[in-house]
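Observations on chain architecture
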Amino acid sequence: MTENLSNKTIVIVGAGPGFGRTLALQAAAQGATVVVAARTESRVVEIAEEVRAAGGSAIAAAVDATDPESVRALRETVEGHTDAVHGLVYSAFAVPSMKPLAQTDHEQISRGIDLSVLGALRTTQEFTALLEAGAAPATGTAAGSPAATGAAPATGTAAGSPAAADSATGAAPASASVVMMASAVIHHSRERYAGYKIAKTALVALGHSLATELGPRGIRVNTVAPGYIYGETLKAYFEHLATKYGGTVDDVYAHTAEKMDLRRLPTEREIVDPVLFLLSDAASAVTGQTLTVDCGEFHT
């Protein structure tokens, strides 16, 4: 596999057994050192061990994204291993209230916003200096040197500015990347998803604002909005529906996929690959965007 993330450190906050695990394995396979962090320490330790067993480099750390002190401790742990972070993926998730707003407790909505939106903000704020260091241009200087910690290059151009591009080769300026996981729920108003939509729509707005604020510092910020993700969690849910309403898992799948242009559901890998693209230098000019990955359920 091409090592598009070679020599980069990627922090994954909210690394679960599905998307997060797949992302960690694929990012490590592309040469990155991955930091897998989530509330359940045993889970991230298991993911990190799997990454190492496959020949990759991984660090495991517990974090509660709703607790500022816990997020700070995560940053300090990462600083103990590196002085620069090149990518941050925020995918912390909790099962939302599946009720109409008229029946949803305000506290449930507040918890969703705290985790999805404020958690993403806390984490990005805490890691901004490390991300800025990761966005410093590669000049062959040692990590921690002035050129590697955000000091202006010898030409006087700021890291990440248009003038910092290599005029001879057309190479893009160095940048770091933040990817926040939203949801295709932002594109519809089905009543049982209202509370979830409020949080994920706010997350997209946060991404837009952070892209504007952090862009001059060489940090790109984008969101990815997956639709259904066909992995073990969704398969278990389809089994539940098949038992409840009759039929088979294949029947439930086919009924759900009828709404997609491609008549199928994205796999975990098909959600991970666009995230890897946004983390890579191939997306060096992409910021402030929301990429919907749903096999064509919504046209945006």
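Look up a bit, the structure's there.
What comes next is a walk through the structure. (Residues numbered from 1 in each chain as written. Predicted model: local features only at pLDDT ≥ 70, side-chain atom pairs only at ≥ 80, totals over all residues. Heavy atoms only, no water.)

Details of the pattern of salt bridges
Summed over all chains, the structure comprises 14 salt bridges. Among the ionic pairs, Asp 64 bridges to Arg 39, the shortest N-O distance being 3.0 Å. Residue Asp 64 is found in the loop between strand S3 (57-62) and helix H3 (68-79), and its partner Arg 39 is found in the loop between strand S2 (33-38) and helix H2 (41-53); the two are separated by 25 residues along the sequence. On the basis of relative accessible area, Asp 64 is assigned to the partly exposed category, the value being 22%. For Arg 39, a relative accessible area of 57% gives the class exposed. Note that Arg 190 is salt-bridged to Glu 297, the shortest N-O span being 3.3 Å. (Salt bridge = Lys/Arg side-chain N within 4 Å of Asp/Glu carboxyl O. Helix = DSSP H or I, 4+ residues; strand = E, 2+ residues; numbered from the N terminus. Buried < 20%, exposed > 50% of the residue type's maximum accessible area, 1.4 Å probe, protein only.)

Focus on the pairing of S3
Bridge count between S2 and S3: six bridges; the pairing is parallel. By the bridge assignment for S3, Val 35 is matched with Ile 59. Crossover S2 to S3 through H2 is right-handed. (Pairing = 2+ DSSP bridges. Right-handed = clockwise from strand over helix to strand, strands pointing away.)

Regarding the sheet that holds strand S7 (residues 290-293)
Taken together, seven strands build an open sheet; the order of strands is S3-S2-S1-S4-S5-S6-S7 and the sheet is parallel. With one partner strand each, in any of the chains shown, S3 and S7 form the two edges of the open sheet. Strand-to-strand twist across the sheet, computed as the mean angle between neighbouring axes with direction ignored, equals 20°. Taken together, the four bridges between strand S4 (residues 87-90) and strand S5 (residues 176-181) define a ladder with parallel strand orientation. Bridge pairing links Gly 87 to Ser 177 in S5. Its contacts with the sheet put helix H5 (residues 194-214) on S5, strand S6 (219-226) and S7, and the angle it makes with S6 is roughly 160°. (Axes fitted to C-alpha atoms, helices over the stretch in contact; angles between N-to-C directions. Contact = heavy atoms within 4.5 Å.)

Describing the side chain of Thr 9
Looking at the secondary structure, you find Thr 9 in strand S1 (residues 9-13). For Thr 9, a relative accessible area of 10% gives the class buried. Among residues more than four places away in sequence, those in contact with Thr 9 are Thr 33, Val 35, Thr 82, Ala 84, Val 85, His 86 and Gly 87.

Concerning the pairing of S5
Of all six residues that make up S5, six are buried, and the element is covered over most of its length. Of the two faces of S5, the one holding Ala 176, Val 178 and Met 180 and the one holding Ser 177, Val 179 and Met 181 are both buried throughout. Pairing between S5 and S6: six bridges, direction parallel. If you follow Met 180 over to S6, its bridge partner there is Thr 223.

Some remarks on the packing of aromatic side chains
Inspection of every chain in the model, using the stated rule, returns four aromatic pairs. Between the aromatic rings of Tyr 230 and Tyr 253, the centroid separation amounts to 4.9 Å while the plane-to-plane angle is 75°, which identifies the pairing as edge-to-face. On the criterion of sequence distance, the pair formed by Tyr 230 in the loop between S6 and helix H6 (232-245) and Tyr 253 in helix H7 (residues 249-257) is long-range, its members being 23 residues apart. The interplanar angle of 45° and the centroid separation of 6.4 Å between the aromatic rings of Tyr 237 and Phe 238 together place this pair among those described as tilted. Residue Tyr 237 is classed as partly exposed on the basis of its relative accessible area, which comes to 41%. Ring pairs connect the aromatic residues Tyr 230, Tyr 237, Phe 238 and Tyr 253, which therefore count as one cluster. (Phe/Tyr/Trp six-rings, centres within 6.5 Å; stacked < 30°, edge-to-face > 60°.)

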